[in-house]
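Descriptive structure summary
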Amino acid sequence: RWSATVSWVRPPIGTASGDLYFVFGFDDSQQLLRLSGGAWSLVVQTGVTLTNGATMNWFDGLFDARGGALLFTGWSNQGGGLFRLQDGNLELLTRYGAQNDEWRWFEAAFLHSAGGAVAKGIQGSQISRMTRIGAAGSSATLLEGGRSLDLAAPTGIDWEAMSGGGSGANLVFRAYSG
């Protein structure tokens, strides 16, 4: 049972099994909590060292939860950017920064079933970019603002509500044509 007063709460994300994850802000810390079957549990707290030696400093946004893995943005003793947390192991997938291979911010991201993540945001000098991020920080651009799609009909991605799914190497996103 926690006795601290909650200062703020980030919007939750849910899983297919009905679990909900929240980030709560307190006067002196932040906690990533899970609500499952009516019971709360602590996933990670700022200032506490995790299995691989990483320590979260603060959380920015929650994006996805699948198969025991969480995807979120924030800052740690390893730097800031997009993180995956799984089995107590915190992995910085890609960093914030101003270089062309670094991200200024993330607008949306989700865990990909083939591993890694797909993220949409501002990267380097690009206005919008959607990138697949794999192991050890490797990445491949999927779509970016100003680049045409290789399709027969004029088609555009709904950048405002980017979400997706799929399996293996196949990704599915909401689009429009006109």
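In this text the structure is predicted, and so the values were computed from the model without any measurement.

1. Things to note about the nonpolar core
Note on soluble globular proteins: their nonpolar side chains tend to be buried together. Formed by 17 residues in total, the largest nonpolar core has its most connected members in Leu32, Leu70, Phe72, Leu85 and Leu90. Looking at this core, the element that brings in the most residues is strand S6 (residues 56–66), giving four residues. Grouped together as the second largest cluster of nonpolar side chains are eleven residues, Ala69, Leu82, Phe106 and Ala119 included.

2. Considering the packing of aromatic side chains
Taken as a whole and assessed by the stated rule, the structure comprises nine aromatic pairs. Ring geometry for Phe22 versus Phe24: centroids 5.8 Å apart, planes at 40°, classification tilted. Classification of Phe22 by relative accessible area gives buried; the value is 13%. Pairing Phe24 with Trp40 gives two aromatic rings, centres 5.6 Å apart and planes at 80°, and the pair type is edge-to-face. Separated by 16 residues along the polypeptide, Phe24 in strand S3 (residues 20–26) and Trp40 in strand S5 (residues 39–45) bring together distant segments of the chain. Phe24 sits in the buried class, given a relative accessible area of 12%. Take Trp40: its relative accessible area is 40%, and that puts it in the partly exposed class.

Cut-offs applied
Residues numbered from 1 in each chain as written. Predicted model: local features only at pLDDT ≥ 70, side-chain atom pairs only at ≥ 80, totals over all residues. Heavy atoms only, no water. Core = buried A, V, L, I, M, F, W, Y, C linked by side-chain atoms within 4.5 Å. Buried < 20%, exposed > 50% of the residue type's maximum accessible area, 1.4 Å probe, protein only. Helix = DSSP H or I, 4+ residues; strand = E, 2+ residues; numbered from the N terminus. Phe/Tyr/Trp six-rings, centres within 6.5 Å; stacked < 30°, edge-to-face > 60°.

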